[in-house]
Amino acid sequence: MTVADFELLPDDGNRYEIIGGLLSVSPSPTLDHQRIVLRIASALERYLDETNLGEAFISPVDVELSNFDVVEPDIAVVLNENASVKQGKRIVGAPDIVVEVISPSSGKRDRVSKAALYAMNGVREYWLVDHEKRTFSVFALERPNYIERTQPEGRVQSDVLDGFEIDLERLFRAPAG
């Protein structure tokens, strides 16, 4: 498939992506998945609002990396110096940071296919969160691959967003009630 084929897909509530021209369809995410996405996005929004460095976008947002690669990350961060990738209804080119929260149906794709795709296209940091295992990995781009950065105990920090951190205990805590 190409971007032109992708644009003809129905708006039927499914999450469609093409990676290397191959179509994949994902079911709706779980409540746990969405809770983690919301917590990360909220922290990013507060940080980006205070620093005025850029914007965070949450799924569903299409990221077109090539004519054969359109993905829908859980969160995409675009810094002001890279704002030209925000084009109309989607991001065309590499966001500065991409966040994927692993779902049972997406683990291999997130860890392998998407990681390689993001690295190849110049995404500076790739955050991979596994809420079942309670892990949060930050991968920094050192071309041509990502290098996993060790995180301080209990906190996640970003090289791209100076001073940004997430408290893992708070991120993974059970919902009230």
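Heads up: the structure comes first, above all this text.
Below: a short report on this structure. (Residues numbered from 1 in each chain as written. Predicted model: local features only at pLDDT ≥ 70, side-chain atom pairs only at ≥ 80, totals over all residues. Heavy atoms only, no water.)

**Re unusual backbone geometry**
Here the bond from serine 59 into proline 60 is cis, since omega is 5°, no more than 30 degrees from zero. The amide bond that connects arginine 143 to the next residue, proline 144, takes the cis arrangement and shows omega of 10°. Here proline 144 shows up in the loop between β11 (135–142) and β12 (145–149). Although it is not a glycine, asparagine 52 adopts a positive phi angle of roughly 55°. Tracing the backbone shows asparagine 52 in the loop between α2 (31–51) and β3 (54–58). Of note, the phi angle at arginine 134 is positive, near 60°, even though the residue is not glycine. (Helix = DSSP H or I, 4+ residues; strand = E, 2+ residues; numbered from the N terminus.)

**Examining the sheet that holds β12**
If you trace the six strands from one edge of the open sheet to the other, you get β3-β6-β9-β10-β11-β12, paired in mixed fashion. A strand with exactly one partner marks an edge of an open sheet, and here the two such strands are β3 and β12. Sheet twist, expressed as the mean angle between neighbouring strand axes with direction ignored, is 20°. When strand β9 (residues 97–101) meets strand β10 (residues 125–130), the two strands line up parallel, connected through five bridges. Following the sheet pairing, glutamate 100 is matched in β10 by leucine 128. Against the sheet, α2 engages β3, β6 (75–79), β9, β10 and β11, with an angle of about 15° to β6. Across the sheet, helix α3 (residues 107–120) lies against β9, β10, β11 and β12, angled at about 165° from β10, the strand it touches most. (Pairing = 2+ DSSP bridges. Axes fitted to C-alpha atoms, helices over the stretch in contact; angles between N-to-C directions. Contact = heavy atoms within 4.5 Å.)

These figures capture arrangement, not role.
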